[in-house]
Amino acid sequence: MTDLPDRQVPDMWVAVAVTDQLGTRPIRAHYWGSPVVVFRTDDGGVAALADRCAHRGVPLSEGTVRDGTIRCDFHHFRFDATGSCVEVPSEFEVDENFRQRCTVRRYFARESVGLIWVSAEDEPEAPFPVDHRLLPERYVLQTGHFEVAGDLRVWMDHFLDIPHCVWAHAETVYGGSQNAPADLLDHKIDIDTDSTYPVRPAVAMKFGVPDRDPVASYDLLTLAYTTAIRLARRLHLPVKHARPFTQGLEVHLVTPLCQETHGRIGRMSLPFIGWSGLAPIDENRHQFFYSGIVPWNGEGRLRRALFRTAVKHFAERHLGHEDNRFLAAAAYVEGEEFHDTPMDTTVRAMRSLFADYQKRKAHLYSSDSLLPQLDYHDEKTS
């Protein structure tokens, strides 16, 4: 983009860990490829610092947490949640001025929906990726993580890809198969090059499977659902669904690395919200974190267990296997090699939004960060 109009550019929050990963010991995570150490503060909150001691560069994640501070166990320099050095052993014979200069870069950290989020900045008025006003008062939560591979830019292009769901995920999510795919019943694209993060909503879509014969080769969970519908019809029981399986989704692009999905299965009254996002380790290796919630009134423990199983199954097979199978070896295309269709306006918009953020805020990122150097832009609007 050639001009930079005066508009709000929000903080870049990235999910870097699952809450359950963090106990009494610190953990190493990655924020746009930069190693960070995450640890508990004395009030039970979370803190994040660059994962290297300001003295000799030893990873702080190999250290010890005590009283809300983290100690480098190599030389016992100690740092608080802001990155200030609060203790240097007397053996080093340094003065107060040295201690004040010996600081570690601070990152900002928050916990939400079972994930730990990290940002290079924390503007109080900037929107956070999770809008807590949208969450039910009580809910069932399922989180997890796994590693994926491939060009980071390919994964970023992928976040709002509508058509691939018809074939790549037909069996696991949308009730079809490669040979008997789901139908894209409706869709809407709201994201454009003038959008800003978080884009709410970015796209909306609805899928369905006609009552075909022979039956498509469904995934086990989908098969159980569609079989129940067909059985009810044969027994002449009341069935509200016009199709054996329909699903409507609304996807929000809350950051360039994270999407928030709202949906319902068929006409069920049980809505769900899910977050799925990347934490790049390097240009071709990434941690994938997910979180899903549904309202829960404290009853129906079996339903609670089934939901958690379904979320784990969906995320790890849908994203960790099916998407990763294609995207790990996919090439990033741009310029004349990018033969875009009307459906690819999402890709052009996402590239444009990221390039705008990068131009404005690359100076906030360290020299080992992937963000300032990532060549991800829309050549038509650059």
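Fair warning: this is a prediction, and the values are worked out from it, not measured in the lab.

**Let's talk about the overall build of the chain**
Helix and strand content of the chain: six helices and 17 strands. For the chain, buried positions account for 51% of its 382 residues. Look at the contacts in the chain between residues 6 or more apart in sequence, and 62% of them connect residues 24 or more apart.

**Observations regarding the layout of surface pockets**
To find leftover empty space, a probe the size of one water molecule is rolled over the atoms. By volume, the second largest pocket amounts to about 450 Å³. Together, 24 residues line the second largest pocket, and Asp 157, His 158, Asp 161, Leu 327 and Asp 344 are the ones closest to its centre. The set of elements that each furnish at least two residues to the lining of the second largest pocket consists of α2 (152-158), α5 (301-327) and α6 (345-361). In terms of residues, the lining of the second largest pocket owes the most to one element, α5, which gives four residues.

**Digging into empty space enclosed by the protein**
What the rule picks out here adds up to two cavities of 30 Å³ or more. The calculated volume of the second largest cavity comes to roughly 50 Å³. Lining the second largest cavity are Pro 10, Asp 11, Trp 13, Pro 127, Pro 129, Tyr 197, Pro 198, Val 254 and Thr 255. Partitioning the lining of the second largest cavity into residue classes produces seven nonpolar, one polar and one charged.

**Here's the deal with the side chain of Thr 346**
Here Thr 346 shows up in helix α6. In contact with Thr 346, not counting residues within four places along its chain, are Leu 160, Ile 189, Ile 191 and Val 203.

**Here's the deal with the confidence of the model for the chain**
Per-chain confidence: the chain averages 87 in pLDDT, with 83% of residues scoring 70 or above. Taken as a whole, residues 1-7 scores under 50 in pLDDT and shows 20 contacts with residues more than four places along the chain or in a different chain. Scored below 50 in pLDDT, residues 213-219 shows 19 contacts in the model against residues more than four places distant or in partner chains.

**What to know about the sheet that holds strand β6 (residues 69-71)**
The four strands are arranged β5-β6-β7-β8 in an open sheet whose pairing can be described as antiparallel. Both edges of this open sheet fall to β5 (64-66) and β8 (85-87), since each of them pairs with a single strand only. Direction of pairing for β6 relative to strand β7 (residues 78-79): antiparallel, over a ladder of two bridges. Note on β7: the bridge partner recorded for Ile 70 is Phe 79.

Basis of the calculations
- Residues numbered from 1 in each chain as written.
- Predicted model: local features only at pLDDT ≥ 70, side-chain atom pairs only at ≥ 80, totals over all residues.
- Heavy atoms only, no water.
- Helix = DSSP H or I, 4+ residues; strand = E, 2+ residues; numbered from the N terminus.
- Buried < 20%, exposed > 50% of the residue type's maximum accessible area, 1.4 Å probe, protein only.
- Contact = heavy atoms within 4.5 Å.
- 1 Å grid on protein atoms, 1.4 Å probe; cavity = no way out; pocket = protein on both sides within 12 Å on 5 of 7 lines; lining within 4 Å.
- Points joined across faces, edges and corners; volume = space filled by probe spheres on them.
- Nonpolar A, V, L, I, M, F, W, Y, C, P; charged D, E, K, R; others polar.
- pLDDT = per-residue confidence, 0-100.
- Pairing = 2+ DSSP bridges.

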